[in-house]
Amino acid sequence: MAFFSFLDPILNFAFGWLLPLPAFWSILILCFVISLLITLIYKYTTNQSVMKDLKTEIKTLQADMKLLRNDPSKMMEVNKKAMEANMKYMSHSLKPMLFTFLPVILIFGWLNAHLAFEPIAPGHEFTVTTVFDKTAAGNITIHAPTGMTVTGESTKTITDNNAIFTLKGEEGLYTLTFTQGDHEYTKDVRISTTRAYIEPTLNVNDGNLKSITTSNEKTKVISIGSFGLTWFWSYLIFSIIFSMALRKFMNVY
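Here we summarise the structure given alongside this text.

Analysis parameters
Residues numbered from 1 in each chain as written. Predicted model: local features only at pLDDT ≥ 70, side-chain atom pairs only at ≥ 80, totals over all residues. Heavy atoms only, no water. Pairing = 2+ DSSP bridges. Helix = DSSP H or I, 4+ residues; strand = E, 2+ residues; numbered from the N terminus. Axes fitted to C-alpha atoms, helices over the stretch in contact; angles between N-to-C directions. Patch = residues over 30% accessible without salt bridge, like charges linked within 9 Å, V, L, I, M, F, W, Y side chains within 5 Å. Areas by Shrake-Rupley, 256 points an atom, 1.4 Å probe, with all protein chains shown as cover. Salt bridge = Lys/Arg side-chain N within 4 Å of Asp/Glu carboxyl O. Parallel < 35°, antiparallel > 145°, perpendicular 65-115°, else oblique. Contact = heavy atoms within 4.5 Å. Nonpolar A, V, L, I, M, F, W, Y, C, P; charged D, E, K, R; others polar. Core = buried A, V, L, I, M, F, W, Y, C linked by side-chain atoms within 4.5 Å. Buried < 20%, exposed > 50% of the residue type's maximum accessible area, 1.4 Å probe, protein only. Phe/Tyr/Trp six-rings, centres within 6.5 Å; stacked < 30°, edge-to-face > 60°. Lys NZ or Arg CZ within 6 Å of the ring centre and 35° of its normal. Expected span 1.5 Å × (residues − 1). Arc of directions from axis to C-beta.

### Notes on the sheet that holds strand β4 (residues 155-157)
Piece 1. Read from one edge of the open sheet, four strands run β4-β2-β6-β7, paired in antiparallel fashion. Each of the sheet's edge strands pairs with one partner strand only, and the pair in question is β4 and β7 (183-191). Going across the sheet, the axis of each strand differs from the next one's by a mean of 25°, ignoring polarity.
Piece 2. The pairing of strand β2 (residues 139-143) with β4 spans three bridges and is classified as antiparallel. Each residue of the ladder has a partner; that of Thr141, found in β4, is Thr155.

Right, here's the structure in full:
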């Protein structure tokens, strides 16, 4: 979503007030708002009378097919009519999809940038893992900027294709630097008391280093014991529930 990063201030203004809330309520409220807007757009950009007739026709034809299981030829004829009705219904549904597709994609990008991971808290230790190609060998050194401290060894030997560093720091945006022989790499890290972070994994893939990853934990919106649902699956579940309920309440076909 970096291509659309210029829209971040607009999305932050519209939805940023949700971020201080627990992730569950942030997703629940946002999902309800988006589902309501999509339902309203769908209702007022389609001919609901036609949609109702098509849906009734489809249900009738489906019921007829069940009664014609012992008559394959007639069942095929009814099935053909049902498919034609379904195609008409889908073609009428295309218009609202065109209105809502891009905004939903942009909101998904915003959610992924703010609710996919937990932030690194000030004063809390975290790890940075460097993963190398199989041919890489030797030592790698991490250089921490002012405000951040390496709590373990700053130089590590690459073992089993990786090296792991532990750090902690004050609130702020930092750039870590790594040197390994003639190679130099950088990784931005944000430490924050709010729901803000830099994408944990930086993919390098230069034939030497594969990636650099900070230990931000994935956000569990819905937790059941040790099992947890991320923002995407939580949003999907909530959106199905809200969409069905709103369509029924607003008589949308």
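### Re a nonpolar patch on the surface
Piece 1. On the surface, a nonpolar cluster with roughly 510 Å² of combined accessible area is contributed by Phe232, Trp233, Leu236, Ile240 and Met244.
Piece 2. Assignment of secondary structure puts Met244 in helix α5 (residues 231-249).

### Some remarks on the packing of helix α1 (residues 8-15) against helix α4 (residues 72-115)
Piece 1. At a minimum axis distance of 11 Å, the contact between α1 and α4 shows a crossing angle of 80°. It follows that α1 is roughly perpendicular to α4 by the angle criterion. Two secondary-structure elements touch here, α1 through Leu11, Asn12 and Phe15 and α4 through Leu106, Ile107, Trp110 and His114.
Piece 2. Residue classes in the contact of α1 with α4 are distributed as five nonpolar, two polar and no charged.

### Notes on the nonpolar core
Piece 1. Phe15, Ile27, Leu30, Leu111 and Trp231 are the most contacted members of the largest nonpolar core, which totals 24 residues.
Piece 2. Those elements that place two or more of their residues in this core are α1, α2 (23-44), α4 and α5.
Piece 3. In terms of nonpolar packing, the next biggest core, distinct from the first, is built from 20 residues, Phe126, Ile142, Phe165 and Tyr185 among them.

### Here we look at the sheet that holds strand β8 (residues 201-203)
Piece 1. An order of β3-β5-β1-β9-β8 is seen for the five strands of this open sheet, with the pairing classed as antiparallel. Only two strands of the sheet have a single partner each, and these edge strands are β3 (148-150) and β8. Neighbour to neighbour, the strand axes of the sheet diverge by 25° on average, direction disregarded.
Piece 2. For strand β1 (residues 126-132) and strand β9 (residues 209-214), the ladder comprises five bridges, and the chain directions are antiparallel. By the bridge assignment for β9, Thr129 is matched with Thr213.

### Comments concerning the packing of aromatic side chains
Piece 1. For the structure shown, the criterion picks out eleven aromatic pairs.
Piece 2. Relative to Trp25, the ring of Phe24 lies with its centre 5.2 Å away and its plane at 90°, an arrangement referred to as edge-to-face.
Piece 3. By way of ring pairs, the aromatic residues Phe108, Trp231, Phe232, Trp233 and Tyr235 are connected into one cluster.
Piece 4. The positively charged end of Lys156 is found above the aromatic ring belonging to Phe165, 5.5 Å away from the centroid.

### What about the pairing of β7?
Piece 1. Judged from the nine bridges that link them, strand β6 (residues 172-180) and β7 form a sheet pairing that is antiparallel. Within β7, the residue paired with Gly172 across the bridge is Ile191.
Piece 2. Counted along the chain from β6 to the antiparallel partner β7, the turn is two residues long, and its residue Gly181 has a positive phi close to 65°.

### Description of α5
Piece 1. In a regular helix each residue adds 1.5 Å, so 19 residues correspond to 27 Å; α5 covers 26 Å between its end C-alpha atoms and thus fits that length.
Piece 2. Residues of α5 that are buried: Trp231, Ser234, Tyr235, Phe238, Ser239, Phe242 and Leu246. Projected down its long axis, α5 shows its buried positions confined to an angular sector of 125°, all on one face. Exposed residues on α5 whose side chains face more than 90 degrees from its buried face are Met244 and Lys248.
Piece 3. Its buried side turned inward, α5 meets α2, α4, β10 (222-224) and β11 (227-229).
Piece 4. Count one or two residues on from α5 and you reach Asn251, which has phi positive near 55°.

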